[in-house]
Amino acid sequence: MPDNSEQHSLRMVRKKSVVDAAIARADQDKGLLLVLTGNGKGKSSSAFGMVARTLGYGYKAGVAQFLKSRRDTGEERFLGDQPGVQWHVLGDGFTWDTQNLDADIATAKRGWDVAKALLSDDTLHLVVLDELTYLLNYGYLDADQVCRDLASRPPMQHVVITGRAAPDCLLEIADTVSEIRDVKHAYRAGVRAQPGIDL
Ligand code: ATP
Ligand code: MG
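Thresholds applied
Residues numbered from 1 in each chain as written. Chains lettered and ligands numbered in written order. Predicted model: local features only at pLDDT ≥ 70, side-chain atom pairs only at ≥ 80, totals over all residues. Heavy atoms only, no water. Helix = DSSP H or I, 4+ residues; strand = E, 2+ residues; numbered from the N terminus. Buried < 20%, exposed > 50% of the residue type's maximum accessible area, 1.4 Å probe, protein only. Polar contact = N/O pair within 3.5 Å; in protein donor to acceptor, adjacent residues only side chain to side chain. Donors = N, O, S within 2.8 Å, 3.2 Å for Na, K, Ca; no water. Salt bridge = Lys/Arg side-chain N within 4 Å of Asp/Glu carboxyl O. Pairing = 2+ DSSP bridges. Axes fitted to C-alpha atoms, helices over the stretch in contact; angles between N-to-C directions. Contact = heavy atoms within 4.5 Å. Parallel < 35°, antiparallel > 145°, perpendicular 65-115°, else oblique. Left-handed = near helix turned anticlockwise from the far one by under 90°. Nonpolar A, V, L, I, M, F, W, Y, C, P; charged D, E, K, R; others polar. Near = heavy atom within 4 Å. Areas by Shrake-Rupley, 256 points an atom, 1.4 Å probe, with all protein chains shown as cover.

Participant: Whenever I open this one, the side chain of T133 confuses me. Can you help?
Facilitator: Locating T133 in the fold gives a position in helix α5 (residues 132-137). When its relative accessible area of 0% is taken as the criterion, T133 is described as buried. Within the structure, T133 has its side chain in polar contact with the backbone oxygen of R164 (distance 2.9 Å).

Participant: What is the right way to read the coordination of the magnesium ion (ligand 2) from this model?
Facilitator: Angles between donor atoms at a metal ideally measure 109.5 degrees for a four-coordinate tetrahedral arrangement and either 90 or 180 degrees for a six-coordinate octahedral one. Taken together, the protein donors to the magnesium ion (ligand 2) comprise S44 (OG) and E131 (OE), at separations of 2.0 to 2.1 Å. Pair noted here: S44 is in helix α2 (residues 43-56) and E131 is in the loop between β4 (124-130) and α5, with a separation of 87 residues, a long-range link. As far as the burial class goes, S44 and E131 line up, both buried.

Participant: Before we go on, may I ask you to explain the pattern of salt bridges in this structure?
Facilitator: Any two side chains of opposite charge can pair, on the condition that their charged atoms come close. Scanning the entire structure with this criterion turns up four salt bridges. Note that D20 and K16 form a salt bridge whose closest N and O atoms lie 2.7 Å from each other. Of this pair, D20 and K16 are both found in helix α1 (residues 5-25), four residues apart, which corresponds to roughly one turn of the helix. For D20, a relative accessible area of 36% translates into the label partly exposed. The salt bridge partner of D175 is K30, with a shortest N-O separation of 2.6 Å. Of this pair, D175 sits in the loop between α7 (168-173) and β6 (176-179) while K30 sits in the loop between α1 and β1 (33-37), and the two are 145 residues apart along the sequence.

Participant: Looking at this model, I keep getting lost on the sheet that holds β4. Mind explaining?
Facilitator: Consider a sheet: its strands pair through backbone hydrogen bonds, and that pairing is either parallel or antiparallel. One open sheet holds the six strands; their spatial order is β3-β2-β4-β5-β1-β6, and the pairing between them is parallel. Taken across any chain shown, the strands that pair with only one partner, and hence form the sheet edges, are β3 (85-89) and β6. Neighbour-to-neighbour, the strand axes of this sheet turn through a mean angle of 10°, independent of strand direction. Seen against the sheet, α2 touches β1, β2 (60-65), β3, β4 and β5 (158-162) and runs at an angle of roughly 165° to β4. With respect to the sheet, helix α4 (residues 101-119) is in contact with β2, β3, β4 and β5, its orientation differing from that of β4 by roughly 160°.

Participant: Explain the packing of α4 against helix α6 (residues 143-151) to me, please; I cannot follow it from the model alone.
Facilitator: Geometry of a packed helix pair, given as the angle between the helix axes and the separation of the axes. One can describe the packing of α4 onto α6 by two numbers: an axis separation of 10 Å at closest approach and a directional angle of 20°. Taken together, the axes of α4 and α6 are roughly parallel relative to one another. Helix-helix and strand crossings are classified by hand; for α4 and α6 the assignment is right-handed. Along the contact surface, α4 presents W112, K116 and L119, while α6 presents V146, D149 and L150. Of the residues assigned to the contact of α4 with α6, the class counts are four nonpolar, no polar and two charged.

Participant: Just to check I follow, could you spell out the site of ligand 1 for this structure?
Facilitator: In the region of ligand 1, 15 residues are neighbours, and K41, G42, K43, S45 and D198 sit closest. Within the contact set of ligand 1, a nitrogen atom lies 3.0 Å away from a backbone nitrogen or oxygen of N39. Taking K41, its side chain carries an N or O atom lying 2.4 Å from an oxygen atom of ligand 1. Taking 580 Å² as the accessible area of ligand 1 by itself, protein coverage stands at 82%. Here the shell around ligand 1 is built from residues that sort into two nonpolar, six polar and seven charged.

Participant: Even after reading the chapter, I still don't get the side chain of E131, so can you show me in this structure?
Facilitator: Accessibility expressed as a relative area gives 12% for E131, which makes it buried. Reaching out from E131, the side chain makes a polar contact with the side chain of S44 at a distance of 2.9 Å.

Taken by themselves, the reported measurements are silent on function.
This is the structure:
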């Protein structure tokens, strides 16, 4: 049964005091580590939304895309050209061939060197490490070393890491973790990737 108007205002007053108290408690600033993981769609696009927010304040952002061979995504077309954005595609050399494991590891390490340069640049308000989790899960990069490099970044720099199956060590050091669940995806109904939505 719906609240009558008096019950409703009482409930709203109580809710407001809880919300106000929570807002008053959250009075710290810090560079955050966010992990966006899970099998559902929306990880990378959320990260690029934060790049747009960052640029909206006149701050700078760096993006490192691991495991991307296709370069014609809408986010790169638009954000890659914006002043204040450094955009690096670091996955071009992956072979997907276990015969070339050494080459893949070398590509991953070269990519991580670029990421480390972003993580030591304190003019960058935000760094996105897109699809990084795969390199950790395949063992191309040493997760402990990656976590140490993340920990030694400038204290006010935010970092967003995307990719399925984020390893536990990353979840432990992250400040914010979201797992996006795959409820339904149009691809399984035969719809190809749509520009502006999927790429
Ligand atoms: P997006 O870039 O759209 O935010 P994502 O980063 O969460 O997606 P990825 O695993 O990186 O997801 O995959 C990128 C591409 O694969 C996108 O075109 C996306 O629509 C598609 N995709 C993501 N999740 C699924 C899924 N569960 N089934 C089929 N296709 C998917
Ligand atoms: Mg993605």
